[in-house]
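What the coordinates show
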Amino acid sequence: MQHLNEQRLTATPKAPAPAAPEAPISAVPSPEALTPEAPTSGVRTFQGPWDLVAGFLARQGVDTVFGLPGDDVLAVAAFGNAGIRLVWCRDQRTAVHMASGYALTSGRTGVCVVGKGPAVAQAVGGLLEASTGCGPVLLLAGGTALESDGARAFQDAPQLALASPVTKWAARVTHPDRLLPALRRATALVAEAPRGPVFLEIPDGFLEQPVTVPEALLDAGAPAPARYAAPELPAETLTARRPVVVVGGGMRGAARGAAERLAEALGAALLVTASGRGTVSESHPLYCGLAGLYALPPVRELLADCDLVVTLGSRLEETAVEGLPRDVTICQVNVAAGEFSYDWTGPLVLGEAADTAGRWAADLAGRAVDEDWTARITLARRRLRAWAELPAHPELPADRMRVKSAVREIARALPPRGVVVHENGLMDIWSYLYPVFALPDGTRCVVPSEQTTLGYGAAAAAGAKLAAPGAPVVAIVGDGAFDFFRVELPTLVRERVGVTYVVLDNGGYGWLQRMLENLGGPAHLFTAGEPVRHDLGDGVATWLVSGPDGMAGALGAAMAEAGEGRVAVVRVLCATDDWPPVAGAASDAELHAALREEAAPDRDGTGPGEDR
């Protein structure tokens, strides 16, 4: 078997090729042709199934594959021969996260390849995150040979049962002739709205058999995307006086501007969900930040008093609807019936969110808006901006770096058209709070789904950089999440993936520690007394920020290093007590105290002590 593998891994070119310099395994040179077999009579023969997989994906425009192949390394040669870069990882779950980050940044399918049995089990966490976050990821896995079913074969596992609950489609190829149809279906389903992951098992047993396929099927295009006629304007939008527009992740990749035009036509406050960040301009005069969990008191007051919410491409998960009154009317726009939340009253509109918003904005042109409501939106924005300028947690030692200040420095340093990747721990919640952290126009954003899988953002940032190699990529992560990902730092060094990681280090799991202390529990059960600082290894450029004066310089130097293809890590030492003012992490009294406010503004739009 070893001899056979050596034969297969050494391609036989038509003419002798000059020796290539030593290169990483992900940079196997491409040959002149995908297979040594020339097409005859409208068919093409591939040496084996993995050669067909690689050739088909290359024709679909795939240029990068992530993963950790199993014992059968024929896939490595096949991808290299097809001109596809294989980024081999050290952990299957992070490989799927990287593919998801690649997909969400590029708008194309992210592809991942793993072995069988425990490799698939390890990848399931990545599939769960991709499923909830609508990440179009195709996971290709090995499998037990068909003739070994029930024979307790090595690494035999119920792979379809593991993958089916967290994918749009999970299938096992049972014959070489069924591989191409399965690939065509998989790539169509993964990209079909709502997008999501697909799992395809290619079992042992026929991996060394040539596969002949019709050229017409090999070159057949993907299904044309469905387009809805933009729906009619619901009557509720004509009578609303205090509307809010909430933009979700379903607007990712859509032409920008439609949501803003709809908010203008309605005179509505413009909000996004966490996954919808980056879909609208955060400099727009009606934009007030994030809805739900990350909404600060001025925004929560608008939500509590609104009479209509129009959601564009949102599933209305629990964290997105926090703070909404149960009796409010919600007009939901989504591409599929399964994407609606059926817990709310209001119209359910099947349509593409951007097209629908654009048509409704045109239909509403000239409609009179409620000037009192728009004045309240303006006041809410003014209160938010004033709070953003205030120092956080004055009770903490003055020589300690505040996370709020660190996050503001990151926002200032972001160049246009970069990529920001979020995590979801205690400290990095500060980066969700507008306008402490406001995205420059044109910035793309990758955000964990409702699952908030620990380490997702750190891994997804690597995929984002490979999807957008010319754009600066900054990931804002907690130390707990970063430590989940640290095993892949050598991968990034080897592949020259220049990401800037800002690690907000409170020495452990700050969210758990904050919850415990709110219940009167002991200090430092989930966090160390001092932040833990590990050696990150060769090839990683690191900076340590412990005081308020070092952040800007460290961040600028790190981003410069990342621009040269180095992994750059800025570790910011912070205290668990430097909590963000969001529900769960703080009480209502603490939220208002953090805003330096004692009560909500009066209904005429003025706050305590303001001129009327």
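It should be emphasised that the depicted structure is a prediction, and the values quoted were computed from it without experimental measurement.

Structural notes on the overall build of the protein chain
The secondary structure content of the protein chain amounts to 21 helices and 20 strands. When each of the 612 residues of the protein chain is scored for burial, the buried share is 55%. Counted over contacts in the protein chain with a minimum sequence separation of 6, partners at least 24 positions apart contribute 75%. Total accessible area computed for the protein chain in this model is approximately 24,700 Å², and 53% of it derives from carbon and sulfur atoms.

A closer look at the packing of helix 2 (residues 49-59) against helix 3 (residues 74-81)
Where helix 2 meets helix 3, the closest approach of the two axes is 8 Å, and the angle between their N-to-C directions is 30 degrees. The hand of the helix 2/helix 3 crossing is right-handed. Contacts between helix 2 and helix 3 involve Trp50, Asp51, Val53, Ala54 and Leu57 from the former and Leu74, Ala75, Ala78 and Phe79 from the latter. Across the contact of helix 2 with helix 3, the residue classes tally to eight nonpolar, no polar and one charged.

Thoughts on the side chain of Lys465
Take Lys465: it is sitting in helix 16 (residues 456-467). Although buried, Lys465 forms no salt bridge, and the nearest oppositely charged side chain, Glu564, lies 10 Å from it. Polar contacts involving the side chain of Lys465 include one to the main-chain carbonyl oxygen of Ala471, which spans 2.8 Å. The contacts of Lys465, once residues within four sequence positions are left out, are Ala471, Pro472, Val473, Val497, Gly498 and Val499.

What to know about a nonpolar patch on the surface
There is a patch of nonpolar side chains on the surface, built from Phe484, Tyr509, Leu512, Leu525 and Phe526 and spanning about 450 Å² of accessible area. Note that Leu512 resides in helix 19 (residues 510-518).

So, the pairing of strand 19 (residues 540-545)
As defined by bridge partners, strand 19 adjoins strand 20 (residues 567-573) across six bridges and the pair is classed as parallel. Its bridge partner lying in strand 20, Thr542 is registered against Val569. Handedness of the crossover joining strand 19 and strand 20 through helix 20 (residues 551-563): right-handed.

Notes on the sheet that holds strand 19
An order of 16-15-17-18-20-19 is seen for the six strands of this open sheet, with the pairing classed as parallel. With one partner strand each, in any of the chains shown, strand 16 (444-446) and strand 19 form the two edges of the open sheet. Averaged over all neighbouring strand pairs, the angle between strand axes comes to 20 degrees, with direction disregarded. Its contacts with the sheet place helix 16 against strand 15 (419-422), strand 16, strand 17 (473-478) and strand 18 (500-505), and it is angled at close to 160 degrees to strand 15.

Description of the environment of Pro548
On the secondary structure map, Pro548 appears in the loop between strand 19 and helix 20. Note on Pro548: relative accessible area 46%, which makes it partly exposed. Sequence separation between Pro548 and Val403 is 145 residues, and the spatial gap between their C-alpha atoms is 9.6 Å. Pro548 has contacts with Ala398, Asp399, Arg400 and Met401, leaving out every residue within four places of it along the chain.

Quick word on helix 20
Given 3.6 residues per turn, any residue in an α-helix points the same way as the ones three and four places further on. Along its 13 residues, helix 20 runs 18 Å from first to last C-alpha, staying within 8% of the 18 Å computed at 1.5 Å per residue. Listing the buried residues of helix 20 in full gives Met551, Ala554, Leu555, Ala558, Met559 and Ala562. When helix 20 is viewed along its axis, its buried side chains cluster within an angular range of 130 degrees and face the same direction. Opposite the buried face of helix 20, at more than 90 degrees from it, the exposed residues are Gly553 and Gly563. Tucked into the core, helix 20 has its buried residues touching helix 15 (403-413), strand 17, strand 18, strand 19 and strand 20. Positioned one or two residues after helix 20, Gly565 has a phi angle of 90 degrees, which is positive.

Quick notes on the confidence of the model for the protein chain
Of the residues in the protein chain, 87% have a pLDDT of 70 or more, and the chain-wide mean is 86. Within the model, the stretch residues 1-39 combines pLDDT values under 50 with 45 contacts to residues more than four positions away or in other chains. This model gives residues 598-612 a pLDDT under 50, and the stretch forms 18 contacts once residues within four places in sequence are excluded.

Cut-offs and rules
- Residues numbered from 1 in each chain as written.
- Predicted model: local features only at pLDDT ≥ 70, side-chain atom pairs only at ≥ 80, totals over all residues.
- Heavy atoms only, no water.
- Helix = DSSP H or I, 4+ residues; strand = E, 2+ residues; numbered from the N terminus.
- Buried < 20%, exposed > 50% of the residue type's maximum accessible area, 1.4 Å probe, protein only.
- Contact = heavy atoms within 4.5 Å.
- Areas by Shrake-Rupley, 256 points an atom, 1.4 Å probe, with all protein chains shown as cover.
- Axes fitted to C-alpha atoms, helices over the stretch in contact; angles between N-to-C directions.
- Left-handed = near helix turned anticlockwise from the far one by under 90°.
- Nonpolar A, V, L, I, M, F, W, Y, C, P; charged D, E, K, R; others polar.
- Lys, Arg positive; Asp, Glu negative; His and termini not counted.
- Salt bridge = Lys/Arg side-chain N within 4 Å of Asp/Glu carboxyl O.
- Polar contact = N/O pair within 3.5 Å; in protein donor to acceptor, adjacent residues only side chain to side chain.
- Patch = residues over 30% accessible without salt bridge, like charges linked within 9 Å, V, L, I, M, F, W, Y side chains within 5 Å.
- Pairing = 2+ DSSP bridges.
- Right-handed = clockwise from strand over helix to strand, strands pointing away.
- Expected span 1.5 Å × (residues − 1).
- Arc of directions from axis to C-beta.
- pLDDT = per-residue confidence, 0-100.

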